[in-house]
Amino acid sequence: MILVVDNTNGERAVMLPRLIAAVHKATGDKVIVANSARGVRRAMTQFAIRGVVLSGGPVCLSAKTQICEYNRNMLAYVLACERRLPVLGICFGFQIICAMQGACLQRTEEDVVQGWHPIAFKSGVLFRGIKSPAQVYEYHGDCIRDPPPGFKAIARSECGGVEAIERDGGEWVVFGVQFHPEGSGEIGGQILHNFIQI
């Protein structure tokens, strides 16, 4: 089973059903969705979780947010670390991982980056079977210019922003993507498949 941490707060949740369907299609596994720290703890103790996805959401970390926006993600991240479960952060989930690991977030030059954009990436497990550059779907208002300590940038946008990260070495696999694989067609499906096959 795959745990998806829901960061949509029920707002503009268009991408969440797509994410659930894409993860299920890529894995064939049942997808468990948790939208609170209590839900994350329950899922991690009651089910045989084999991977964690931190979803996107309508919140910008550079804006004032409530602690509940972070709690469910931090708990899922810590429990995944303890169990050595692979983690994939998407958009807001990516930004949470970066912030927890010490990266600096900043507002994008545009109010919101939205639509299809090219990214260039290094060959590796997450992008296996995909040619660089690739067009991906994005919707975000914050960005990362440099990966956090202990991580490497494995994809960048044309303007140099970090589009994907991978944790350096060790037994625990962590990836993050600024874009939305669940909205990026076949390329996104391949990325989710690659993540789950780790």
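This text follows the structure it describes.
Residues numbered from 1 in each chain as written. Predicted model: local features only at pLDDT ≥ 70, side-chain atom pairs only at ≥ 80, totals over all residues. Heavy atoms only, no water.

Caption draft 1: Main features of the environment of Val40. With respect to the secondary-structure elements, Val40 resides in helix α2 (residues 37-46). Classification of Val40 by relative accessible area gives buried; the value is 0%. For the pair Val40 and Asn73, spaced 33 residues apart in sequence, the C-alpha separation works out to 8.5 Å. Sequence-distant contacts of Val40, that is, excluding residues within four places in its chain, are made with Leu3, Val5, Ala34, Arg72, Leu75, Ala76 and Leu79. (Helix = DSSP H or I, 4+ residues; strand = E, 2+ residues; numbered from the N terminus. Buried < 20%, exposed > 50% of the residue type's maximum accessible area, 1.4 Å probe, protein only. Contact = heavy atoms within 4.5 Å.)

Caption draft 2: Quick peek at the environment of Asp168. Here Asp168 lies in the loop between β10 (162-167) and β11 (174-177). Taking the C-alpha atoms as reference points, Asp168 and Pro149, separated by 19 residues in sequence, lie 9.1 Å from one another. With sequence-adjacent residues up to four places away left out, Asp168 is seen in contact with Gly150, Phe151 and Lys152.

Caption draft 3: Fine view of unusual backbone geometry. Between Ser132 and the following residue, Pro133, the backbone shows a cis peptide bond with an omega angle of -5 degrees. Counting through the fold element by element, Pro133 comes out in the loop between β6 (113-121) and β7 (134-140). Phi is positive for Arg84, close to 60 degrees, though the residue is something other than glycine. Along the chain, the position of Arg84 falls in the loop between α3 (68-83) and β4 (87-90).

Caption draft 4: Main features of the nonpolar core. Among the nonpolar cores identified, the biggest contains 29 residues, and Val53, Leu88, Leu126 and Phe127 are the most heavily contacted of them. Contributions of two or more residues to this core are made by β1 (2-5), α1 (15-27), β4, β6, β7, β9 (151-157), β11 and α5 (185-196). It is α1 that contributes the most residues to this core, five residues altogether. Those residues in contact with Leu126 that lie beyond four places of it in its chain are Ile154, Phe175, Val177, Ile191, Asn194 and Phe195. The next biggest cluster of nonpolar side chains, apart from the first, holds 28 residues, and it includes Leu54, Ala80, Ile97 and Ala153. (Core = buried A, V, L, I, M, F, W, Y, C linked by side-chain atoms within 4.5 Å.)

Caption draft 5: Geometry of the packing of aromatic side chains. Applying the stated criterion across every chain, the model contains three aromatic pairs. Between Phe121 and Phe127 the ring centres are 4.2 Å apart and the planes differ by 15 degrees, which places this aromatic pair in the stacked class. Comparing Phe121 with Phe127, the two get one shared label, buried. (Phe/Tyr/Trp six-rings, centres within 6.5 Å; stacked < 30°, edge-to-face > 60°.)

Just geometry here; none of it tells us what the structure is for.
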